[in-house]
Every structure is written in structure tokens, then in C-alpha cells.
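As a plain string of letters, each chain reads:
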Amino acid sequence: MKLIAESGSTRTEWALVEDNHIVNRVFTEGLNPFFQTRREISRSVRLGLPEFFFKKKLEQVYYYGAGCTSHEKKNIMGASLVAQFKTPIQVESDLLAAARGLFKCESGIACILGTGSNSCFYDGKIIVKNVKAAGYILGDEGSGAALGKMFLSDALKGLAPQQLTADFYEKLRITPNEAMESVYNRPFPNRFLATISYFLADYLDNEYVYDILVRNLNDFFIRSVCQYDYKNYPIRFVGSVAYTYSDILRDVASNYGVDLDVIEETPMAGLVEFHSLNIEEP
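Since the model is a prediction, treat every value here as computed from it, not as a measurement.

Enquirer: Would you take a moment to explain the overall build of the protein chain for this structure?
Expert: Regarding its fold elements, the protein chain presents 13 helices and 10 strands. For the protein chain, whose C-alpha radius of gyration is 19 Å, the value lies close to the compact-globule estimate of 19 Å for 282 residues. Here the protein chain holds 282 residues, and the buried ones make up 54% of them. Restricting the contact set of the protein chain to residue pairs at least 6 apart, pairs at least 24 apart contribute 66%. A total accessible area of about 13,600 Å² is found for the protein chain, and carbon and sulfur atoms account for 48% of it. Taken as two groups, the 29 positive and 35 negative side-chain charges of the protein chain have centres that lie 8 Å from each other.

Enquirer: Even after reading the chapter, I still don't get a nonpolar patch on the surface, so can you show me in this structure?
Expert: On the surface, a nonpolar cluster with roughly 320 Å² of combined accessible area is contributed by Leu156, Met180 and Tyr184. Inspection of the secondary structure puts Leu156 in helix α6 (residues 144-156). Judged by relative accessible area, which is 35%, Leu156 ranks as partly exposed.

Enquirer: Where do I start with the confidence of the model for the protein chain in this structure?
Expert: Low-pLDDT portions of the prediction should not be read for the details of their coordinates. Of the residues in the protein chain, 98% reach a pLDDT of 70 or more, and the chain-wide mean stands at 92. Strand β9 (residues 235-238) holds the highest mean pLDDT among the elements of the protein chain, 97, whereas helix α5 (residues 135-138) holds the lowest, 82.

Criteria and thresholds
- Residues numbered from 1 in each chain as written.
- Predicted model: local features only at pLDDT ≥ 70, side-chain atom pairs only at ≥ 80, totals over all residues.
- Heavy atoms only, no water.
- Helix = DSSP H or I, 4+ residues; strand = E, 2+ residues; numbered from the N terminus.
- Rg over C-alpha atoms; globule rule 2.2 N^0.38 Å.
- Buried < 20%, exposed > 50% of the residue type's maximum accessible area, 1.4 Å probe, protein only.
- Contact = heavy atoms within 4.5 Å.
- Areas by Shrake-Rupley, 256 points an atom, 1.4 Å probe, with all protein chains shown as cover.
- Lys, Arg positive; Asp, Glu negative; His and termini not counted.
- Charge placed at Lys NZ, Arg CZ, Asp CG, Glu CD.
- Patch = residues over 30% accessible without salt bridge, like charges linked within 9 Å, V, L, I, M, F, W, Y side chains within 5 Å.
- Salt bridge = Lys/Arg side-chain N within 4 Å of Asp/Glu carboxyl O.
- pLDDT = per-residue confidence, 0-100.

Laid out in C-alpha cells, this is it:
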């Protein structure tokens, strides 16, 4: 039996896989070694997963996660997971999860639009090129955090429609000062900003909301997708924001001559298929 986990900054999906089929699936909070210590990660995993996950005889754990981009961060995550599962752990980035899940052994441009955003050119084996995501402050265009930041900035400055702003504070049961506190002084500000994108999903008939969403997605194409040889390779998307706004994403893509054939909420189904191939790791 294998355990495959894929984590963004907001949510982690865990799948127990036997004979290439998912036999149990659980969702827990997101993990990120940029924002959490080894001890905090271990605690989150132990308290979040049902006890039987730790009692299964696992041949391998494949973990793909946000923030797992360097040896240092991979080691933090790997040490946390080994302590819990007592079995071999392979730690890779969530971007490789997207690439493998979307393309398996084919080449193409894999894109993530979730709490954060990222993209890469994948040659069917490894990530060959990656336009740096740069995080929710300096980058993450197209993501939920970036969209939330655009709206919240307008709301605080009185530039967003008045009724929309009032609905936002009422539905999230938050004040302007509390919103500022969540961004500047509380843990995981990117998660808070990303929740705003789901509030906006109920207002797509509002011209202002539609315009900032299109602007956000255009920013992603201009600053990320267009830096690859995007006209000669398939482009596929994964992530909660890509999935939620798939119709608008396809419209924006068409402006760049791109026809999106695949938009998935998570890469898990593709990852299960990829690992069923028993490919020797590069």
C-alpha cells in the first residue's frame, strides 16, 4: 500500500492507494515548511489524520507540497513525516505534483492556480523551466491570494463598489481593522486573502468583480505562461481557483490563442496513475 499526499498552503489531500486504486481519502489543513517548523508540521499531521493511517503497512509515502523547493525545506518536511509514518518518504514540490498529475510522461506547461500560483515547463520526466512564483507579496498572479489582495486593497481604500464591500464585511463577519490584522499580524495571511476569492465567486455578474478576476488571470498569463514556448506545447491547469473560475480562465486563455483541454481541482487522480506506472525516478 502507498500513501500519496498533495498539499497547498490551505489544504492537504491524503490518499491511501492499493493496487493503483484509492481506498481512502482524507483532507487536512495545508502544510508549508516556509511557515511551519518541523514540530508544527508533525503535530498537524498527527492530529489531522485518522489513527488508522499510521497503522497501515506502507511501502512508500510520496509527499508533494507547497514550499518544498529546496533541500533544506524538503528535509524539514521529510523528517516530520518519517517521525510519523516510520517508512520511506519521498518529498517533492507541489509543482512537480501538478506536472505529473496533468501530463504523466508527456511534455507540456503545467500551471497551478490555488491559494498561490506557479507554472513550469515539464519534459515528461523533470521540470526543465520554472518562472519563479515569488509568493503572495511579490508574485502569485492569478491565485486566490492575489485576487483577494486586489479586492481587499480596493475595499479598504473605498474603490470597490460600496454594496459589495458591505456584503464582504457582513458575510465574513470581519471589520476593516480585523482584515488588516489578518494580513499583517496573524499566521497564514495568504490563506486569509485566498478565502476572499471564494466570496467573490458569488458575484461574477458584478462588472467590477468580473474585471478584477480577468485582470488577475491576465497577469498570470503575461508574467508566467508567456515566458514559455506556450504556442507549441499543451497548457493544463490544476487548483481550486482554476477549477472554480474555469469558464473565465478558458476565455482569458483563448485571447492568447490557447485552448485549455484539462482543468483539474487537484492532481491526485493523475498522481495515482503516474505512480502506477512504476517509473524509475530521475
